[in-house]
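Take a look at the letters that make up each chain.
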Amino acid sequence: MIQELKDNYDHLFEDDLLNEIAQVGTFKEIPAGFTMMSIGDYVRGMPLLISGAIKVMREDKEGDELLLYYLESGETCSMTMNCCVGQTKSEIKAVAEQDTKLIMVPVQKMEEWTAKYKTWRNFVFESYHTRLNEVLHILDSVAFEKMDQRLLNYLKEKIRINKTNTIHNTHQEIAYDLHSSRVVISRLLKKLEQMGRIELHRNHIKIINLA
């Protein structure tokens, strides 16, 4: 575990903190598609991603979802930290976008390290800042961008996160992520295909050119 920590967090944390994380952290491997956290769950620890990616979403009372952001290796979830420290229930849903490896840090250590290590404090505050900017970007996107532009941005982020030009999501799953309807998303995807920017296949979407 210590080597994987150093590979991803050596530029952020000193050796003493890395060693403490290795001693108290719990290493987990999460398969793609697994729901790691649902709205209303109590949060017992904070994830430090080693590899893979996690999709973080909001969900309304009807079960409709809106993608907020992705977590990647070397990152953590500030909303999870907030729930841990405040001992409140989760207000987000987290699903593994890919096969993911992470280390869960117990809540008691989070507060201790905030006082003990400046690097940990900086990491926590920077995480809050990054996630807040991403949420504000989503709010701006929903409020001011047309759905066709939101879909383009979504597809670009998908291929960036997964490092492949093939997207294995159904039209309905994309609609859930964008808080839209399958009919609207299918129509816009068909339009992109007619423009030669994507190819639609039975079980996947191949990206040709989204520039």
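The name an unreviewed UniProt entry assigns to the protein chain is Transcriptional regulator, Crp family protein, from the organism Kordia algicida OT-1.

1. Side note on the domain arrangement of the protein chain
Split into domains, the protein chain comes out as domain 1 (1-141) and domain 2 (146-207). Here the C-alpha centroids of domain 1 and domain 2 sit 27 Å apart. The interface of domain 1 with domain 2 comprises 13 residues on the first partner and 11 residues on the second. Considering only the surface of domain 1 that becomes buried against domain 2, Glu65, Tyr70 and Glu72 emerge as the three largest contributors, covering 39% of it. The partner of Lys55 in a salt bridge is Asp177, and the shortest N-O contact between them spans 3.2 Å. At the level of secondary structure, the elements contributing two or more residues to the side of domain 1 that touches domain 2 comprise strand E4 (53-59) and strand E5 (65-72).

2. Some thoughts on the nonpolar core
In terms of nonpolar packing, the biggest core is built from 32 residues, with Tyr9, Phe13, Ile21, Leu48 and Trp120 touching the most fellow members. In this structure, Trp120 is in contact with Phe13, Leu17, Ile21, Met46, Leu48, Met110, Trp113 and Thr114, ignoring residues within four places of it in sequence. Of all hydrophobic cores here, the second largest spans 23 residues; its members include Met57, Tyr70, Val95 and Ile167.

3. So, the sheet that holds strand E1 (residues 26-30)
The antiparallel open sheet is built from 3 strands, whose spatial order is E1-E7-E3. Of all the strands in the sheet, just E1 and strand E3 (45-51) have a single pairing partner and so form its edges. Pairs of neighbouring strands in the sheet enclose a mean axial angle of 30 degrees, with direction left out of account. Where E1 meets strand E7 (residues 100-106), 5 bridges bridge the pair, whose relative direction is antiparallel. By the bridge assignment for E7, Ile30 is matched with Thr100. Across the face of the sheet, helix H4 (residues 107-116) comes into contact with E3 and E7 while running at roughly 75 degrees to E7.

What counts, and at which threshold
Residues numbered from 1 in each chain as written. Predicted model: local features only at pLDDT ≥ 70, side-chain atom pairs only at ≥ 80, totals over all residues. Heavy atoms only, no water. Domains from an automatic or database assignment. Contact = heavy atoms within 4.5 Å. Buried area = accessible area lost by both parts, 1.4 Å probe. Salt bridge = Lys/Arg side-chain N within 4 Å of Asp/Glu carboxyl O. Helix = DSSP H or I, 4+ residues; strand = E, 2+ residues; numbered from the N terminus. Core = buried A, V, L, I, M, F, W, Y, C linked by side-chain atoms within 4.5 Å. Buried < 20%, exposed > 50% of the residue type's maximum accessible area, 1.4 Å probe, protein only. Pairing = 2+ DSSP bridges. Axes fitted to C-alpha atoms, helices over the stretch in contact; angles between N-to-C directions.

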